[in-house]
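Reading the structure
Each chain, letter by letter, is given below.
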Amino acid sequence: MNSELEELYQQVLLDHSKRPRNYGEIGEGAVRVHGDNPSCGDEINLDVQFGEGGKVDDVKFTGQGCAISQASASMMTMKLKGKSREEATEMLRSFQDLIMKDVAEPPRMLGDLRLMQGVRKFPQRVKCAMLAWRAFEEALERVKGKGQAEVSTEADDPS
Ligand code: ZN
């Protein structure tokens, strides 16, 4: 990463960790997933409100931990809100590729999330950056093949 990008990365990270977007709870009707990353002490509660056809109607989070985990969650919620199930799944896969593989041309759809690419070089940090996304993946799993009415909203944590 060149120094200009590095600087932008730091700014965006700081901005999102200081003023997280979509911070809060949705409550009734939302799927809640708890995720944690014991090696760093990061925690997150992700609320996802799925609409018709699995569309991401709303997504919010609360949590605590390092700047990377919280900024990644904040940026993720901005990107996922309003997306169809297919688009959201695609974004999850793209982001995962971005920080775990050597991606030459990050997809434009990722927007500012592309700045997180540098995390790839630090394996412990990959877990921080992926925390919110793993929680979202779990939320997707829970509503798989179910009607919204049957969705369990219990906050169990399998890990
Ligand atoms: Zn962390």
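All residue numbers refer to positions counted from 1 along the written sequence of the respective chain. Whole-chain, interface and lining totals are the exception, using all residues; otherwise, since this is a predicted model, local features are given only for residues with pLDDT of at least 70 and side-chain atom pairs are given and counted only at 80 or more. The side-chain numbers reported here are obtained from all heavy atoms of the structure, hydrogens and water having been left aside.

1. A word on the nonpolar core
Think of a nonpolar core as a cluster: buried Ala, Val, Leu, Ile, Met, Phe, Trp, Tyr and Cys residues, connected wherever their side-chain atoms sit within 4.5 Å. The buried label goes to any residue with under 20% of its type's maximum accessible area, the exposed label to any with over 50%, and the partly exposed label to all in between, with areas taken from a 1.4 Å probe on protein chains only. Counting residues in each nonpolar core, the largest one holds 42 residues, and the members touching the most others are Phe95 and Phe136. Note on conventions: DSSP H or I runs of at least 4 residues are helices, E runs of at least 2 residues are strands, and numbering of each starts at the N terminus. Listing elements by their share of this core, those giving two or more residues are α1 (3-18), β1 (31-37), β2 (42-50), β3 (56-64), α2 (67-80), α3 (85-100) and α4 (123-143). The greatest single-element share of this core, amounting to 12 residues, is contributed by α4.

2. Let's talk about the pattern of salt bridges
Salt bridges are counted wherever a side-chain nitrogen of Lys or Arg sits within 4 Å of a carboxyl oxygen of Asp or Glu. Applying the stated criterion across every chain, the model contains 12 salt bridges. Note that Lys81 and Asp58 form a salt bridge whose closest N and O atoms lie 3.3 Å from each other. One end of the pair, Lys81, is in the loop between α2 and α3; the other, Asp58, is in strand β3, with 23 residues separating them in the sequence. When its relative accessible area of 36% is taken as the criterion, Lys81 is described as partly exposed. Looking at Asp58, the relative accessible area reads 17%, which means it is buried. The closest approach of N and O atoms between Arg93 and Glu90, which form a salt bridge, is 3.4 Å. Of this pair, Arg93 and Glu90 both sit in helix α3, 3 residues apart, which is roughly one turn of the helix. Here Arg93 falls in the exposed class, since its relative accessible area comes to 52%. Three or more residues are tied together by salt bridges with common partners; here these are Asp15, Arg19 and Arg21.

3. A look at the coordination of the zinc ion
Coordinating donors are taken as N, O and S atoms within 2.8 Å of the metal, stretched to 3.2 Å for Na, K and Ca; because water is absent from the atoms, sites can appear incomplete. Those protein atoms acting as donors to the zinc ion are Cys40 (SG), Asp42 (OD), Asp42 (OD), Cys66 (SG) and Cys128 (SG), and they sit at 2.1 to 2.8 Å. Counting gaps between the donor residues of the zinc ion yields the pattern C-x1-D-x23-C-x61-C. Residue class for Asp42 comes out buried when judged on its relative accessible area of 1%.

4. Topic: α4
A helix's residues, less one, multiplied by 1.5 Å, set its expected span. With 21 residues, α4 ought to run about 30 Å at 1.5 Å a step, and its terminal C-alpha atoms sit 30 Å apart, in line with that. Two axes are fitted around each residue, one to the seven residues ending there and one to the seven starting there, and the angle between them is reported as the bend at that residue. Roughly 45° is the biggest bend found in α4, and it falls at Met130.

5. Considerations on the sheet that holds β2
By definition, two strands form a pair when at least two bridges between them are found by DSSP. The strand order across the open sheet formed by 3 strands is β1-β2-β3, and the pairing between neighbours is antiparallel. What marks the edges here is a single partner per strand, and that holds for β1 and β3. On average, each strand axis in the sheet is inclined to that of its neighbour by 20°, with strand direction left out of account. Across the face of the sheet, α4 comes into contact with β1, β2 and β3 while running at roughly 35° to β2. Helix axes are fitted only over the stretch in contact, all axes being lines through C-alpha atoms; the angle between N-to-C directions runs from 0 to 180 degrees. Note on contacts: a residue pair qualifies if any of its non-hydrogen atoms lie within 4.5 Å across the two residues.

6. Examining the packing of α3 against α4
At a minimum axis distance of 11 Å, the contact between α3 and α4 shows a crossing angle of 155°. Considered as vectors, α3 and α4 are oriented roughly antiparallel to each other. Between α3 and α4 lies a crossing whose hand is left-handed. Judged by residue contacts, Arg85, Ala88, Thr89, Met91, Leu92, Phe95, Gln96, Ile99 and Met100 of α3 engage Val126, Ala129, Met130, Trp133, Arg134, Phe136, Glu137, Leu140 and Val143 from α4. Residues are sorted three ways: Asp, Glu, Lys and Arg are charged, Ala, Val, Leu, Ile, Met, Phe, Trp, Tyr, Cys and Pro are nonpolar, and all the rest, Gly among them, are polar. Classifying every residue of the contact of α3 with α4 gives 13 nonpolar, 2 polar and 3 charged. For classification purposes, angles smaller than 35 degrees are called roughly parallel, those larger than 145 roughly antiparallel, those between 65 and 115 roughly perpendicular, and all remaining angles oblique. Left-handed is the label given to a crossing in which the near helix is rotated counterclockwise from the far helix by less than a right angle, and right-handed is the label when the rotation is clockwise.

7. Observations concerning unusual backbone geometry
Although it is not a glycine, Asn22 sits at a positive phi angle of roughly 55°. Among the structural elements, Asn22 can be located in the loop between α1 and β1. Overall, Asn22 belongs to the buried group, its relative accessible area being 18%.

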